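Next come the chains, spelled out residue by residue.
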Amino acid sequence: MKYTLLLLVFSFIGCTSQALNSGKTPIAFEDVYHYPYQLISEKFEIIETHERMDEVFSIIHKNSVGNRLAPIPGITDTESYLIFKSVLKNSNDVEIEEMYLQNDILYIKVREFENPQLANTYRVAPDILVKLLKKVSIKTIIFINL
């Protein structure tokens, strides 16, 4: 009797944890670039039009040095571009480990690190441009620091 009761309890716990993770959709992405200046004024923005991408890259080109300008990515029907402001605590940059979507909320797992291309005293969170390999609709972003 005890064993049957324990079996039922463990199976219930397993089903509950599966139900909690069932709405979690992993998002494949490519980390394009971390810009040490402001591209957007909001916490995040999904770029869906070529016109908006041109506006963002005009800011990038104004802040670029040298003779070569960064190429402007094209917008397709199967991909999205996301710009977001990371949250820094004890470093000058973050590395994106994972992204997943759950209930129109994009969860971004990040790991802080010291970027040698930025000054050690630089503590302004970079604006990060990421290519999402599918179209998404999100309401907000939540960062998970690892």
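See above for the structure.
Because the structure is predicted, anything quoted here is derived from the model rather than measured.

Time to look at the overall build of the protein chain. When helices and strands are tallied, the protein chain shows two helices and eight strands. Mapped from its N terminus to its C terminus, the protein chain presents α and β elements in the order α-β-β-β-α-β-β-β-β-β. Relative to its full complement of 146 residues, the protein chain shows a buried share of 34%. Considering only contacts in the protein chain between residues 6 or more positions apart, those separated by 24 or more positions represent 74%. With an accessible surface of roughly 9,400 Å², the protein chain has 57% of that area assigned to carbon and sulfur atoms.

What follows covers the layout of surface pockets. Of the voids in this model, the largest pocket is the one considered here, and its volume is about 170 Å³. Lining of the largest pocket is provided by 13 residues; of these, Y33, H34, P36, N115 and Q117 occupy positions nearest its centre. Listed by contribution, the elements that provide at least two residues to the lining of the largest pocket are strand 2 (29–35) and strand 5 (93–102). Considering every element that reaches the lining of the largest pocket, the biggest residue donor is strand 2, with four residues.

Take the nonpolar core next. Within the largest apolar cluster, 20 residues are counted, with the highest numbers of intra-cluster contacts made by L82, F84, M99, L106, I108, I138 and I141. Those elements that place two or more of their residues in this core are strand 3 (44–47), strand 4 (80–85), strand 5, strand 6 (105–113), strand 7 (127–132) and strand 8 (140–145). Contacts of I138, omitting those with residues within four sequence positions, involve F44, I46, L82, L101, D104 and L106. Counting residues in hydrophobic clusters, the runner-up holds twelve residues, among them Y35, I47, V56 and F57.

The subject of this paragraph is the sheet that holds strand 1 (residues 25–26). The strands making up a sheet associate through backbone hydrogen bonding, with each pair oriented either parallel or antiparallel. Across the sheet, which stays open at both edges, the four strands sit in the order 1-5-6-8 with mixed pairing between neighbours. Each edge of the sheet is formed by a strand with only one pairing partner; in this case those strands are strand 1 and strand 8. With two bridges joining them, strand 1 and strand 5 adopt antiparallel strand pairing. Bridging across to strand 5, P26 finds its partner in Y100.

What counts and how
Residues numbered from 1 in each chain as written. Predicted model: local features only at pLDDT ≥ 70, side-chain atom pairs only at ≥ 80, totals over all residues. Heavy atoms only, no water. Helix = DSSP H or I, 4+ residues; strand = E, 2+ residues; numbered from the N terminus. Buried < 20%, exposed > 50% of the residue type's maximum accessible area, 1.4 Å probe, protein only. Contact = heavy atoms within 4.5 Å. Areas by Shrake-Rupley, 256 points an atom, 1.4 Å probe, with all protein chains shown as cover. 1 Å grid on protein atoms, 1.4 Å probe; cavity = no way out; pocket = protein on both sides within 12 Å on 5 of 7 lines; lining within 4 Å. Points joined across faces, edges and corners; volume = space filled by probe spheres on them. Core = buried A, V, L, I, M, F, W, Y, C linked by side-chain atoms within 4.5 Å. Pairing = 2+ DSSP bridges.

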